[in-house]
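Here are the chains, one letter per residue:
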Amino acid sequence: DTAVSQTPKYLVTQMGNDKSIKCEQNLGHDTMYWYKQDSKKFLKIMFSYNNKELIINETVPNRFSPKSPDKAHLNLHINSLELGDSAVYFCASSHIGTGRNEQFFGPGTRLTVL
Amino acid sequence: DQQVKQNSPSLSVQEGRISILNCDYTNSMFDYFLWYKKYPAEGPTFLISISSIKDKNEDGRFTVFLNKSAKHLSLHIVPSQPGDSAVYFCAASATGGSTLGRLYFGRGTQLTVWP
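Residues numbered from 1 in each chain as written. Chains lettered and ligands numbered in written order. Predicted model: local features only at pLDDT ≥ 70, side-chain atom pairs only at ≥ 80, totals over all residues. Heavy atoms only, no water.

Asker: Go over the sheet that holds strand β8 (residues 72-77) of chain B, please, and point to the residues and values.
Answerer: Backbone-to-backbone hydrogen bonds pair the strands of a sheet. The strands run either parallel or antiparallel. Residues and elements named next belong to chain B. Reading across from one edge, β1-β3-β8-β7-β6 is the order of the five strands in this open sheet, with antiparallel pairing throughout. Where the open sheet ends on each side, the last strands, each with one partner, are β1 (4-5) and β6 (56-59). Bridge analysis of strand β7 (residues 62-67) against β8 gives six bridges, and the strand direction is antiparallel. Each residue of the ladder has a partner; that of Phe 62, found in β8, is Ile 77. (Pairing = 2+ DSSP bridges. Helix = DSSP H or I, 4+ residues; strand = E, 2+ residues; numbered from the N terminus.)

Following this line, the structure appears as structure tokens:
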């Protein structure tokens, strides 16, 4: 009964490939997020969806495209992978209606681009 | 432009003693603050939070203090235990306006509690 799950946990791929990371939450939250943690361990938000609608879209290359088929899922598709995309990607969810915004994180996906 | 700063990348404390982790922020619109704990190869887990209408919030061994005038918050862990060894992230949000839902994170402080 994992709250926020991500697949795969590890992803090793070649430059130029296209890959997807999937995220699911069973907490009934209305908002989901993607974060990138780079080599300096800094957690940076990439995207946020509220009720399937994009509400945060940071300065991220358009090779990154989030897709939210429903409130419980937020997938991240990355085209033409580059070396600099190597990082740990975290999915998170929250219910922003409370005004508290305690986000619950998935275990992360470590992406390595060779 | 880092709006939440954790200036100590690491802290080492003996078991049983107090651990104090510090965090500073620059945006006066922030009104809700959170601490997350992260073990290796896991996602951050929510630990404790505080609203800007309070200056202290306590949950068991964990207490968060907020000094709004100094734009500073701290997390106290008493007594520290070896299982507390992890990276601690401070985060802040402005619960209204266009930043709804967004958390701003510090870079984290690695806490090591030794026996």
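Asker: Lay out the packing of aromatic side chains in plain terms, naming residues and giving numbers.
Answerer: In total, this model carries 13 aromatic pairs over all chains according to the counting rule given. Between B:Phe30 and B:Tyr104 the ring centres are 5.2 Å apart and the planes differ by 45 degrees, which places this aromatic pair in the tilted class. A residue pair is termed long-range when its members are at least 10 positions apart, and B:Phe30 in the loop between β3 (19-25) and β4 (32-38) and B:Tyr104 in strand β10 (residues 104-105) qualify at 74 residues. B:Tyr104 sits in the buried class, given a relative accessible area of 14%. Across from the ring centre of A:Phe42, 4.5 Å away, lies the NZ or CZ of B:Arg107, which sits over that ring. (Phe/Tyr/Trp six-rings, centres within 6.5 Å; stacked < 30°, edge-to-face > 60°. Buried < 20%, exposed > 50% of the residue type's maximum accessible area, 1.4 Å probe, protein only. Lys NZ or Arg CZ within 6 Å of the ring centre and 35° of its normal.)

Asker: I'd love a proper account of the interface of chain A and chain B, names of residues and values included.
Answerer: At the junction of the two partners, chain A supplies 22 residues and chain B supplies 21 residues. Summing both sides of the interface, chain A and chain B together bury roughly 1,800 Å²; the carbon and sulfur share of this comes to 60%. At the junction of chain A with chain B, the criterion picks out one salt bridge. Between B:Arg102 and A:Glu58 there is a salt bridge, and its shortest N-O distance comes to 2.7 Å. Linking chain A to chain B there are five residue pairs in polar contact (both at pLDDT 80 or more). Those elements that place two or more of their residues in the side of chain A that touches chain B are β4 (31-37), β5 (43-50) and β6 (53-57) of chain A. In terms of residue count, β4(A) provides more of the side of chain A that touches chain B than any other element does, three residues in total. Tallied by class, residues from the side of chain A that touches chain B come to eleven nonpolar, five polar and six charged. (Contact = heavy atoms within 4.5 Å. Buried area = accessible area lost by both parts, 1.4 Å probe. Salt bridge = Lys/Arg side-chain N within 4 Å of Asp/Glu carboxyl O. Polar contact = N/O pair within 3.5 Å; in protein donor to acceptor, adjacent residues only side chain to side chain. Nonpolar A, V, L, I, M, F, W, Y, C, P; charged D, E, K, R; others polar.)

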